Amino acid sequence: VMGLTDATPLICAWANDSGYDCIFAEQLDSFLEPGDVVIAISGSGNSPNIVHALKTAREMGLGTVGFGGRDGGKMKALCDHILIAPTDSMEMLEDLHLVYFHDLVCAMRPALAQMAGVEACSCTC
């Protein structure tokens with residue numbers, strides 16, 4: 001797992017050289033390979049850097065999962081799977097994304113534990 005927003009100096013350098021709409025797409029091109037999955041998060045679904053990254057992911061043959069808001073925006077057509085928080089309220093949208101992420105982690109926990117050869121924690125989600 002790699003967070004493309006974690007390296008602020010890298011983002012600033014790419015933005016300076018190529019523009020902010022390329023900050024994620026260029027990282028995908030540099031670090032990912034076919035078979036990898038990209039998870040994109042956008043409240044509007046129309047953020048140029050997210051849309052550009054998803055287009056790049058498609059061109060690279062990467063899987064795409066989106067967490068969007070409102071009607072999904074432009075990213076909706078670029079995601080293999082998308083969870084949309086159907087509201088115009090950014091606050092409610094962000095809260096729904098947190099619920100979606102929590103549910104996703106709970107669903108994945110047993111499979112990840114099995115892959116790691118350990119017992120899944122017994123906490124309930």
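A brief report on the enclosed structure follows. Chains are numbered independently. Their residues run from 1 in the order of the written sequence. Two thresholds apply to this predicted model, a pLDDT of at least 70 for residue-level local features and 80 or more for giving and counting side-chain atom pairs, whereas whole-chain, interface and lining totals are computed over all residues. Calculation of side-chain values draws on the structure's entire complement of heavy atoms; hydrogens and water are dropped beforehand.

**Concerning the state of the cysteines**
The condition that has to hold: Cysteine sulfurs are considered disulfide-paired once they come within 2.5 Å of each other.
Counted according to the given criterion, the structure contains 0 disulfides. Cys-12 takes part in no disulfide bond, and the closest cysteine sulfur, belonging to Cys-22, lies 15 Å away.

**Quick word on the side chain of His-97**
The cut-off we apply is this: Secondary structure is summarised from DSSP: a helix means a run of H or I of at least four residues, a strand means a run of E of at least two, and numbering begins at the N terminus for each. Burial classes: relative accessible area under 20% of the type maximum marks a residue as buried, over 50% as exposed, and values in between as partly exposed (1.4 Å probe, protein chains only). Pairs of residues are marked as contacts when any of their non-hydrogen atoms sit within 4.5 Å.
Topologically, His-97 is positioned in helix α4 (residues 90-116). Taking the relative accessible area as the measure of exposure, His-97 reaches 5% and is therefore buried. Excluding anything up to four places from it in sequence, His-97 contacts Ile-41, Ser-42, Phe-67, Gly-68, Gly-69 and Ala-85.

**Examining the packing of aromatic side chains**
The test is simple: Pairs were defined over the aromatic rings of Phe, Tyr and Trp, the Trp ring being its six-membered one, requiring ring centres within 6.5 Å. Orientation was assigned from the angle between planes: stacked under 30 degrees, edge-to-face over 60, tilted for the rest.
Evaluated as defined, the whole model comprises 1 aromatic pair. Ring centres of Phe-67 and Phe-101 lie 4.2 Å apart, and the angle between their planes is 45°; this geometry places the pair in the tilted category. You can see Phe-67 sitting in strand β2 (residues 63-69) and its partner Phe-101 sitting in helix α4, a full 34 residues away along the chain.

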